[in-house]
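Geometric and topological summary
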Amino acid sequence: AKVHRISVTMCDLEYEGSLTLDTELMQAADMIPYERVEVYDITNGNRFATYLIEGEAGSGECCLNGAAAHMVDIGDKVIITSYITLDDEAASEHIPRVVLVDDSNRIKQVKDSELARVRN
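Regarding the overall build of the protein
Secondary structure assignment for the protein yields two helices and nine strands. Starting at the N terminus and ending at the C terminus, the protein contains elements arranged as β-β-β-α-β-β-β-β-α-β-β. Rg of the C-alpha trace for the protein: 14 Å, near the compact-globule value of 14 Å for 120 residues, within the 12% margin. Projected onto its principal axes, the C-alpha coordinates of the protein cover approximately 45 × 35 × 25 Å. Taking all 120 residues of the protein together, the buried fraction comes to 41%. Considering only contacts within the protein whose residues lie at least 6 apart along the sequence, 74% involve residues at least 24 apart. Just so you have it, the protein exposes about 7400 Å², and 47% of that area is on carbon and sulfur atoms. Looking at charge distribution, the protein has the averaged site of its 11 positive side-chain charges lying 11 Å from that of its 22 negative ones.

Dropping the structure here:
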């Protein structure tokens, strides 16, 4: 699953660690508290792992805490991803969640697939 191009709303170096994410976005992406996630900063290219904690529902919150706060700046666009390991049979039936957000980090669309961009 992933939340695509969400804007970082806050950085809190003094918090113990993790990524605080709007609970509505977590639910739309089928992500759970304390789940390990990978974060890809589109703005600066940094990539790192952390875990999720629930933020206020409907807030659009995307706050990097602790050491991870050094990796991003407020306003950076990031992709938050989670992965699962499945056997072949389960993988053939798995439906991923792709959550697209608007400029206010509100859900714009939830998809169950991605298509590669065709380049000419």
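Considerations on the sheet that holds strand β4 (residues 36-41)
The nine strands are arranged β2-β6-β3-β5-β4-β7-β1-β8-β9 in an open sheet whose pairing can be described as mixed. Two strands close off the open sheet at either side, each with one partner strand: β2 (10-12) and β9 (107-111). Going across the sheet, the axis of each strand differs from the next one's by a mean of 30 degrees, ignoring polarity. Bridging between strand β3 (residues 18-22) and strand β6 (residues 62-65) involves four bridges; their strand directions are antiparallel. Directly across from Leu19, in β6, lies its bridge partner Leu64.

Regarding the packing of aromatic side chains
Counted according to the given criterion, the structure contains one aromatic pair. Their ring planes at 25 degrees and their centres at 6.1 Å tell us that Tyr34 and Tyr51 sit as a pair that is stacked. Of this pair, Tyr34 sits in the loop between α1 (23-28) and β4 while Tyr51 sits in strand β5 (residues 47-55), placing them 17 residues apart in sequence. Between the NZ or CZ atom of Arg47 and the centre of the ring of Tyr40, over which it lies, the distance is 4.0 Å.

Some details on the environment of Ile80
By the element assignment, Ile80 lies in strand β7 (residues 77-81). Here Ile80 falls in the buried class, since its relative accessible area comes to 0%. Sequence separation of Ile80 and Glu38 is 42 residues, and the distance between their C-alpha atoms is 5.9 Å. Sequence-distant contacts of Ile80, defined by excluding residues within four places in its chain, comprise Ala1, Lys2, Val3, Ile6, Leu19, Leu21, Met31, Val37, Glu38 and Cys62.

What counts as what
Residues numbered from 1 in each chain as written. Predicted model: local features only at pLDDT ≥ 70, side-chain atom pairs only at ≥ 80, totals over all residues. Heavy atoms only, no water. Helix = DSSP H or I, 4+ residues; strand = E, 2+ residues; numbered from the N terminus. Rg over C-alpha atoms; globule rule 2.2 N^0.38 Å. Buried < 20%, exposed > 50% of the residue type's maximum accessible area, 1.4 Å probe, protein only. Contact = heavy atoms within 4.5 Å. Areas by Shrake-Rupley, 256 points an atom, 1.4 Å probe, with all protein chains shown as cover. Lys, Arg positive; Asp, Glu negative; His and termini not counted. Charge placed at Lys NZ, Arg CZ, Asp CG, Glu CD. Pairing = 2+ DSSP bridges. Axes fitted to C-alpha atoms, helices over the stretch in contact; angles between N-to-C directions. Phe/Tyr/Trp six-rings, centres within 6.5 Å; stacked < 30°, edge-to-face > 60°. Lys NZ or Arg CZ within 6 Å of the ring centre and 35° of its normal.

In short, the description is geometric, and any link to function would need to be established separately.
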